[in-house]
Amino acid sequence: MTSNPSNHARYGGPEMAIDGPKTALIQTLLSRRSCRDFSDRVIDHQTKHLLFTAAQSAPTKSNLQQYSLIEIADPSIRQSLQQLFPSVAWAISAPLLVVIVGDLHRTQQINAAKGHEFRWDAADAFLNASVDASLALGFMIAAAESLSLGSCPISTIRESTAAIIRLLELPKGTFPICACAFGYPTQKHTTLSPRLPQSVVVHQDRYQPVDMDAIHGYDQTLTEVMGEPKPRYPERYGMPRESTWSDNLARQTSVRERSDFQSSCEQQGLWRRDQMD
Ligand SMILES: Cc1cc2nc3c(=O)[nH]c(=O)nc-3n(C[C@H](O)[C@H](O)[C@H](O)COP(=O)(O)O)c2cc1C
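Each value, and the rule that gives it
- Residues numbered from 1 in each chain as written.
- Predicted model: local features only at pLDDT ≥ 70, side-chain atom pairs only at ≥ 80, totals over all residues.
- Heavy atoms only, no water.
- Near = heavy atom within 4 Å.
- Polar contact = N/O pair within 3.5 Å; in protein donor to acceptor, adjacent residues only side chain to side chain.
- Helix = DSSP H or I, 4+ residues; strand = E, 2+ residues; numbered from the N terminus.
- Nonpolar A, V, L, I, M, F, W, Y, C, P; charged D, E, K, R; others polar.
- Core = buried A, V, L, I, M, F, W, Y, C linked by side-chain atoms within 4.5 Å.
- Buried < 20%, exposed > 50% of the residue type's maximum accessible area, 1.4 Å probe, protein only.
- Contact = heavy atoms within 4.5 Å.
- Patch = residues over 30% accessible without salt bridge, like charges linked within 9 Å, V, L, I, M, F, W, Y side chains within 5 Å.
- Areas by Shrake-Rupley, 256 points an atom, 1.4 Å probe, with all protein chains shown as cover.
- Salt bridge = Lys/Arg side-chain N within 4 Å of Asp/Glu carboxyl O.
- Axes fitted to C-alpha atoms, helices over the stretch in contact; angles between N-to-C directions.
- Parallel < 35°, antiparallel > 145°, perpendicular 65-115°, else oblique.
- Left-handed = near helix turned anticlockwise from the far one by under 90°.

Caption draft 1: View of the site of the ligand. As a structural note, the neighbourhood of the ligand is formed by Arg32, Arg33, Ser34, Arg36, Trp90, Cys152, Pro153, Ile154, Ser155, Thr156, Ser193 and Arg195. Within the contact set of the ligand, an oxygen atom lies 3.0 Å away from a side-chain nitrogen or oxygen of Arg32. Measuring from an oxygen atom of the ligand, one finds a side-chain N or O atom of Arg36 at 2.8 Å. Ranked by residue count, the leading element in the shell around the ligand is strand β3 (residues 150-154), at 3 residues. Partitioning the shell around the ligand into residue classes produces 4 nonpolar, 4 polar and 4 charged.

Caption draft 2: Representation of the nonpolar core within the structure. One finds Leu51, Leu96, Val98, Met140, Phe175 and Phe182 to be the most contacted residues of the largest nonpolar core, which totals 31 residues. Listing elements by their share of this core, those giving two or more residues are α2 (45-56), β2 (96-103), α6 (122-146), β4 (174-183) and α12 (260-267). Counting residues per element, this core draws most heavily on α6, at 10 residues. Discounting residues that sit within four places of it in the chain, Phe182 has contacts with Phe38, Ile43, Ala94, Pro95, Leu96, Val98, Met140, Ile141, Ala144, Gly150 and Ser151. If you look at the next biggest cluster of nonpolar residues, it comprises 21 residues, including Cys35, Phe38, Ile72 and Ala181.

Caption draft 3: Fine view of a nonpolar patch on the surface. A contiguous nonpolar patch, built from Leu127, Val131 and Leu135 and spanning about 240 Å² of accessible area, is present on the exposed surface. Checked against the element boundaries, Val131 lands in helix α6. Residue Val131 is classed as partly exposed on the basis of its relative accessible area of 41%.

Caption draft 4: The packing of α2 against α6, seen in detail. Taken N-terminus to C-terminus, the directions of α2 and α6 make an angle of 140°; their axes are 7 Å apart at the nearest point. Classed by the angle they form, the pair α2 and α6 counts as oblique. By crossing handedness, the relation of α2 to α6 is classed as right-handed. Note on element contacts: α6 touches α2 through Ala136, Phe139, Met140, Ala143 and Ala144, opposite Leu51, Phe52, Ala54 and Ala55. Of the residues in the contact of α2 with α6, the class split is 9 nonpolar, no polar and no charged.

Shown next, in the form of structure tokens:
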């Protein structure tokens, strides 16, 4: 047992235990890590059903449930995904692959069927659907973890948003958020990825300025636990003397990634009200 939360492996410490009630759920959440290596073991129908029920148990804005979960079972669709995104072939071949979709289409259809006009502000509508979908995904991941299943969300699929929209026949008002791969892990224990200290993320009453010393400390912790991160965009920025989490954050966010996402969303009628069906 430890009295100092920063000793927990979640913050790079040596301990897995933490003070406070150790419910099975807390233990499951605190030890979750992404899994990128799945065995061939099939996930049975009942388990899948449980995972989807857990996803649907998440809170949802006004109970509008503005997301859809697309299980990808058709081998020809899996094959197309493999061709589109070879860097995540390991995820696309996972026993269960689900695409998480923000879904204003269903809302708009019901709205129209009742003779109304959809008049929500585009950004607010987009955010509501994104939050609903993210919570559903989070619940599904937590449920998977509690059933000894591994998982990994995959936003790589947004590198070709237009292709995903075509392949999965996503109607206007919908947008892909990410895929998520599920399966039984081949390795029992992989390293737990440490998070920023709570002092950086949890604010008391008012927003506190960013503590760059704490960020520097986190860089060191992450490198100690996970090894020096592979530098992002070396072709643009060269090889750093020492690669760190914050250096990579700066490199990654200085490059415009996924340039077809916004235009694809516009095509789906998500940003311009005049395009909404
Ligand atoms: C929305 C989202 C998209 C992600 N996309 C990818 C991805 O495309 N490829 C990948 O290997 N991991 C992906 N991840 C997993 C993150 O890299 C991972 O959660 C993060 O590095 C922290 O590690 P942990 O999950 O083991 O704690 C994604 C995670 C989220 C939440």
